[in-house]
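# Commentary on secondary and tertiary structure
For reference, the chains in residue letters:
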Amino acid sequence: MDVKALLSAHPAWLDHLESVDGPDFALPADLATELLRLAVPHDDVGAVVAAAPQPGTGAWWLAERCVRSLVSTMGELSGPPWFQPLPELGPYFYVYVFLAALPHTRAYHRRLGIPEEVSWATFTDLGRNMTVHRKRHGTPGLHAPDWFMLHARGLLYALGRLQFNRARLGQVAAGAIREAGLPLGPGSPAIDVHVPDFLGPLTPEACEESFARARRFFPRHFPDDKPLVMTCGSWLLNDDLARRLPDGSNIVAFQRRFRLLHRFDDSEMLAFVYGADAADPAALPRRTRLERAVADHVAAGGTCHGRVGWLPF
């Protein structure tokens, strides 16, 4: 396959890939064992091993340059162009890219003194997002490969129930936070908060432990950042939805941690909750309390949106 022709729709990305230098592409010697360590679903392991790219092919050329792109910006908040969906290269193309990049990420973690258990908890998001892809589409693949770029570049870390990544404030959030009295502006360092799927209930106790770990972790390993705030942009902060949940709901408790800012459209809200069952919004399942709340919200004409929230670091 002529991958350069395939990338012609993304000229800036192609220019970047052709210019970046770095390590050669190499997959783990025991690929199956590495996949299992990364929580890749057992249904996918054999297929990933069988479809690995071969030297001299266009897929190999592109995978090598994607790895170089990741490694060249290790730990930098200003990153390379986002990876683009390339279904023509098969469902696992970016899995191979990240498999080849992770030894470099692990070396970066070791230089910073990041505990081994944090590294591996972070990297298992690769397998988790393969499960998310199957939940949504019923087919093999990796959900949102651009998302795992944060992990591979040493920016995002799993600390218990929640994930956190080094970031900078955008203009809208910075303005609102500055009005609240904090001396921040666009580009100020911040920590973004994420709630991964398939990791158990979002209990207040588990969240409190994660926030406490984050407040120890980032000053220890990234002392120059000095963030003053954490931010979260998620459908979980949809306050219209919260009004349909009981007061003791974990989601309501999570929302109350944040000072809520602006709304944003989140067309993936239904997919997060229902997976492939979101295909027909008029026939959403009502198997759980959350599903009933979301279905009632949509049936009443409610929009699929999230909100941005912040809290002091």
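For the structure itself, look to the data block above.
From a predicted model like this one, the values you see are computed outputs, not experimental measurements. (Residues numbered from 1 in each chain as written. Predicted model: local features only at pLDDT ≥ 70, side-chain atom pairs only at ≥ 80, totals over all residues. Heavy atoms only, no water.)

Helix and strand counts for the protein come out as 15 helices and six strands. Across the 313 residues in the protein, those meeting the buried criterion constitute 51%. For the protein, the proportion of contacts with a sequence separation of at least 24, taken over those separated by at least 6, is 75%. Of the roughly 14000 Å² of accessible surface on the protein, a fraction of 53% belongs to carbon and sulfur atoms. Taken as two groups, the 32 positive and 34 negative side-chain charges of the protein have centres that lie 7 Å from each other. (Helix = DSSP H or I, 4+ residues; strand = E, 2+ residues; numbered from the N terminus. Buried < 20%, exposed > 50% of the residue type's maximum accessible area, 1.4 Å probe, protein only. Contact = heavy atoms within 4.5 Å. Areas by Shrake-Rupley, 256 points an atom, 1.4 Å probe, with all protein chains shown as cover. Lys, Arg positive; Asp, Glu negative; His and termini not counted. Charge placed at Lys NZ, Arg CZ, Asp CG, Glu CD.)

It is worth spelling out helix H11 (residues 204-221) at this point. Spanning 18 residues, H11 covers 26 Å between terminal C-alpha atoms, matching the ideal 26 Å at 1.5 Å per step. By the burial criterion, the buried members of H11 are Ala206, Cys207, Ser210, Phe211, Ala214, Phe217, Phe218 and His221. When H11 is viewed along its axis, its buried side chains cluster within an angular range of 135° and face the same direction. Exposed and facing more than 90 degrees away from the buried side of H11 are Glu205, Glu209 and Arg220. (Expected span 1.5 Å × (residues − 1). Arc of directions from axis to C-beta.)

A few words now on the packing of helix H8 (residues 125-137) against helix H9 (residues 145-152). At a closest axis distance of 11 Å, the pairing of H8 and H9 adopts a crossing angle of 170°. The angle between the axes of H8 and H9 places the two elements in the roughly antiparallel class. Within the contact between the two elements, H8 uses Asp125, Leu126 and Asn129 and H9 uses Trp147, Phe148 and His151. Residue composition of the contact of H8 with H9, grouped by class: three nonpolar, two polar and one charged. (Axes fitted to C-alpha atoms, helices over the stretch in contact; angles between N-to-C directions. Parallel < 35°, antiparallel > 145°, perpendicular 65-115°, else oblique. Nonpolar A, V, L, I, M, F, W, Y, C, P; charged D, E, K, R; others polar.)

This brings us to the pattern of salt bridges. Counting across every chain of the model gives 20 salt bridges. When the shortest N-O distance is used, the salt bridge between lysine 135 and aspartate 197 registers 3.0 Å. Of the two residues, lysine 135 sits in helix H8 while aspartate 197 sits in the loop between strand S3 (189-194) and H11, which places them 62 residues apart along the sequence. Among the residues examined, lysine 135 registers a relative accessible area of 26% and is labelled partly exposed. One salt bridge connects aspartate 239 with arginine 243, and the closest N-O pair in it is separated by 4.0 Å. (Salt bridge = Lys/Arg side-chain N within 4 Å of Asp/Glu carboxyl O.)

To continue, consider the packing of helix H5 (residues 58-72) against helix H6 (residues 93-112). Interaxial distance between H5 and H6 falls to 9 Å at its minimum, and their mutual angle equals 45°. It follows that H5 is oblique to H6 by the angle criterion. Pair H5 / H6 crosses with right-handed handedness. Taken together, the residues of H6 that come into contact with H5 (itself represented by Ala59, Leu62, Ala63, Cys66, Val67, Leu70 and Val71) are Phe93, Tyr94, Val97, Phe98, Ala100, Ala101 and His104. Its residues assigned to classes, the contact of H5 with H6 shows 13 nonpolar, one polar and no charged. (Left-handed = near helix turned anticlockwise from the far one by under 90°.)

We note that alanine 39 has phi near 65°; this positive angle belongs to a residue other than glycine. One can find alanine 39 in the loop between helix H3 (31-37) and helix H4 (42-50). Residue alanine 39 is classed as partly exposed on the basis of its relative accessible area, which comes to 39%. Within the chain, phenylalanine 198 stands out as a residue other than glycine whose phi angle is a positive 55°. By secondary structure assignment, the location of phenylalanine 198 is in the loop between S3 and H11.

Let us now look at the side chain of histidine 297. If you trace the backbone, histidine 297 turns up in helix H15 (residues 289-299). For histidine 297, a relative accessible area of 3% translates into the label buried. In this structure, histidine 297 is in contact with Asn238, Asp240, Arg244, Met269, Gly302 and Thr303, ignoring residues within four places of it in sequence.

Turning to the environment of glutamate 291, a few remarks are in order. Turning to its location among the elements, glutamate 291 is positioned in helix H15. C-alpha separation for the pair glutamate 291 and leucine 270, spaced 21 residues apart in sequence, amounts to 9.3 Å. The residues touching glutamate 291, leaving out its near neighbours within four places in the chain, are Val273, Tyr274, Pro285 and Arg286.

What follows concerns helix H10 (residues 171-179). Within the span of H10, buried status applies to Ala173, Ala174 and Ile177. Burial along H10 is one-sided: seen end-on, the buried residues are contained in an arc of 100°. With respect to the buried face of H10, the exposed residues turned more than 90 degrees away are Gln171, Val172, Arg178 and Glu179. Where H10 ends, the next residue or the one after it, glycine 181, has phi of about 110°, a positive value.

The buried count for strand S4 (residues 229-234) comes to five of six residues, which makes it a mostly enclosed element. As paired strands, S3 and S4 are joined by two bridges and run parallel to one another. Residue pairing for S4: aspartate 192 is matched across the bridge by threonine 231. Handedness of the crossover joining S3 and S4 through H11 is recorded here as right-handed. (Pairing = 2+ DSSP bridges. Right-handed = clockwise from strand over helix to strand, strands pointing away.)

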